[in-house]
Amino acid sequence: MDIHEYQAKEIIAGFGVPVPRGGLAYSPEQAGYRARELGGEKWVVKAQIHSGGRGEAGGVKLCHSEEEVRDYAATLFGKQLVTKQTDAGGKGVYRVWVETASDIERELYLGFVLDRASERIMIVASGHGGMEIEDLADEDPESLRRMVIDPAVGLAEFQARELSFSLGLSGGQIAQMVNVLRGCYRAYRDLDAMMVEINPLVVTGTGDLVALDAKMSFDTNALYRRPEVAALRDASQEDPREAVAADNGLAYVGLDGDIGCIINGAGLAMATMDMIKLAGGEPANFLDIGGGASPERVCTAFRTVLSDTNVSVILVNIFAGINRCDWIAKGVVQAYREVGLTLPVVVRLAGTNVKEGQEILRNSGLPIVAADTLAEAADAAVAARQQPAAA
């Protein structure tokens with residue numbers, strides 16, 4: 001789960017990381033009031049969306065008067081901001097962050113991520129931050145500093161000091177950087193984060209370190225024990241299909257194809273999408289209904305898949321262990337009757353109670369295409385997509 005910049009800043013500030021003073025606004029008038037409230041002569045207005053690259057897309061501006069703050073905020077509200085990290089539809093801007101402008105002398109990059117190879121939290125840092133960091137990672141990857149943290153020990157002070165020296169910091173900046181690093185690490189560890197990123201972490205004209213921008217994402221599977229983090233979710237920034245699926249306990253990711261998939265198990269879902277591609281089709285989604293799926297849950301999965309208007313055929317692929325094929329079959333029949341299905345449906349069942357499930361489908365009298373193997377199911381789905389009338 002991603003959160004907004006201002007929310008990430010509030011979190012890391014609570015762990016001792018210095019951030020600029022700022023305020024949230026939900027209207028142009030409120031943005032102007034925030035500037036007056038903060039005081040000063042210059043302010044930065046930032047669109048709050050779940051995406052990087054806002055500056056290049058026109059979502060960030062330095063303003064020199066309250067009137068300029070209001071006018072610029074007015075151009076942002078309700079806008080679909082398209083960045084290099086969004087799709088062509090962009091993301092809607094419904095709130096902006098107004099903060100005092102900083103005197104920037106130098107920009108650094110700092111990120112905490114999960115390194116799956118070492119099964120450790122890894123710090124990635126660079127002496128060059130800002131919008132060019134992605135280009136730098138491609139053009140000069142050796143310039144990035146990497147440091148793995150032992151979970152049994154945590155981030156040791158000598159590690160933080162070593163990294164600070166490697167970034168060219170000196171004097172009192174070393175102590176500040178140690179506090180920033182340890183604060184970010186505690187935020188990552190204590191809140192079950194998947195990423196903490198500060199870009200840029202700036203050195204001001206007075207030699208102080210300030211987190212000018214911040215980004216955090218969290219392990220969705222751990223949100224049940226982090227209600228304070230779950231409360232930060234902004235559904236307006238999510239794919240509506242994925243938001244509905246998440247509310248119903250389904251693992252769903254929308255794609256660009258037209259073959260809807262209802263599958264149990266992430267590995268089987270990935271294999272099914274590969275087989276669809278091999279057969280010449282394009283999957284419309286990744287959807288894992290999980291274990292113990294009741295007929296009602298299967299029906300909900302159908303509704304979720306059908307919320308994508310590009311779907312022209314549905315492929316159900318179940319290898320039942322915890323699940324039962326007869327439950328899945330009942331769910332398919334229930335979906336046909338409750339949802340009013342008109343699209344062709346291909347079903348492949350295997351595992352627990354497979355004979356009972358196949359019998360339920362045969363006796364339903366519904367035009368369901370049965371398949372014995374995954375390859376047959378993928379071929380049938382592609383054929384049904386190409387000839388929906390015959391299907």
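Just so it is clear, the model here is predicted, and its values are computed rather than measured.

### Focus on the overall build of the protein chain
And then number 1: Counting secondary structure elements, the protein chain contains 13 helices and 18 strands.
And then number 2: Taken along its principal axes, the extent of the C-alpha atoms in the protein chain is 80 × 50 × 40 Å.
And then number 3: A separation of at least 24 residues holds for 68% of the contacts in the protein chain among residues at least 6 apart in sequence.
And then number 4: Here the protein chain contributes 37 positive and 54 negative side-chain charges, whose respective centroids are spaced 4 Å apart.

### Brief notes about the packing of aromatic side chains
And then number 1: Tallied over the entire structure, the rule returns one aromatic pair.
And then number 2: Measuring from centroid to centroid gives 5.8 Å for Tyr6 and Trp97, while their planes differ by 15°, and the two rings are stacked. Here Tyr6 is found in helix H1 (residues 5–14), whereas its partner Trp97 is found in strand E6 (residues 96–100), with 91 residues between them in sequence. Across this residue pair, the class does not change: Tyr6 and Trp97 are buried.

### Considering the pattern of salt bridges
And then number 1: Taken as a whole, this structure holds 20 salt bridges when the rule is applied.
And then number 2: The partner of Asp213 in a salt bridge is Arg54, with the nearest N and O atoms 3.1 Å apart. In this pair, Asp213 sits in the loop between strand E11 (209–211) and strand E12 (214–218) while Arg54 sits in the loop between strand E2 (43–47) and strand E3 (60–63), placing the two residues 159 residues apart along the sequence. One exposure class covers both Asp213 and Arg54, and it is buried.
And then number 3: Sharing partners across several salt bridges, the network here consists of Glu5, Lys9, Lys46, Arg54, Glu99 and Asp213.

### Some details on the packing of helix H11 (residues 325–340) against helix H12 (residues 354–363)
And then number 1: Put simply, H11 and H12 touch, their axes get as near as 7 Å, and they point 15° apart. The angle between H11 and H12 falls in the class roughly parallel. In the packing of H11 onto H12, the handedness of the crossing is right-handed. Residues Cys325, Asp326, Ala329, Lys330, Val332 and Val333 of H11 lie in contact with H12, whose contacting residues are Val354, Glu356, Gly357, Ile360 and Leu361.

### Some thoughts on the side chain of Arg348
And then number 1: The topology assignment puts Arg348 in strand E17 (residues 345–351).
And then number 2: Here Arg348 is in contact with Val316, Asn317, Ile318, Ala371, Asp372, Thr373, Leu374 and Ala377, once residues within four sequence places are set aside.

### Overview of the sheet that holds E6
And then number 1: Pairing is antiparallel in the open sheet, where four strands are placed in the order E1-E6-E2-E3. In this open sheet, the two edge strands, each paired with only one partner strand, are strand E1 (22–25) and E3. Here the average twist between neighbouring strands, direction ignored, is 20°.
And then number 2: Across five bridges, the pairing between E2 and E6 is antiparallel. Note on E6: the bridge partner recorded for Trp43 is Thr100.
And then number 3: Contacting E1, E2 and E6, H1 crosses the sheet at an angle of about 50° to E6.
And then number 4: Helix H3 (residues 66–76) rests against E2, E3 and E6 of the sheet, and its axis sits at about 165° to E3.

### A word on the environment of Ala381
And then number 1: Relative to the helices and strands, Ala381 resides in helix H13 (residues 374–386).
And then number 2: With relative accessibility at 0%, the residue Ala381 sits in the buried group.
And then number 3: As for Ala381 and Lys42, which are separated by 339 residues in sequence, their C-alpha atoms are 59 Å apart.
And then number 4: Once residues lying within four places of it in the same chain are set aside, the contact partners of Ala381 are Ile259, Val313, Leu315 and Val346.

### Focus on the side chain of Glu5
And then number 1: Its location among the elements puts Glu5 in helix H1.
And then number 2: Residue classification places Glu5 among the buried residues on the basis of a relative accessible area of 5%.
And then number 3: At 2.8 Å, the side chain of Glu5 forms a polar contact with the side chain of Lys9.
And then number 4: If we ignore the near neighbours within four places in the chain, the residues touching Glu5 are Lys46, Gln48, Arg54, Trp97, Glu99, Leu212, Asp213 and Ala214.

Rules and cut-offs
- Residues numbered from 1 in each chain as written.
- Predicted model: local features only at pLDDT ≥ 70, side-chain atom pairs only at ≥ 80, totals over all residues.
- Heavy atoms only, no water.
- Helix = DSSP H or I, 4+ residues; strand = E, 2+ residues; numbered from the N terminus.
- Contact = heavy atoms within 4.5 Å.
- Lys, Arg positive; Asp, Glu negative; His and termini not counted.
- Charge placed at Lys NZ, Arg CZ, Asp CG, Glu CD.
- Phe/Tyr/Trp six-rings, centres within 6.5 Å; stacked < 30°, edge-to-face > 60°.
- Buried < 20%, exposed > 50% of the residue type's maximum accessible area, 1.4 Å probe, protein only.
- Salt bridge = Lys/Arg side-chain N within 4 Å of Asp/Glu carboxyl O.
- Axes fitted to C-alpha atoms, helices over the stretch in contact; angles between N-to-C directions.
- Parallel < 35°, antiparallel > 145°, perpendicular 65-115°, else oblique.
- Left-handed = near helix turned anticlockwise from the far one by under 90°.
- Pairing = 2+ DSSP bridges.
- Polar contact = N/O pair within 3.5 Å; in protein donor to acceptor, adjacent residues only side chain to side chain.

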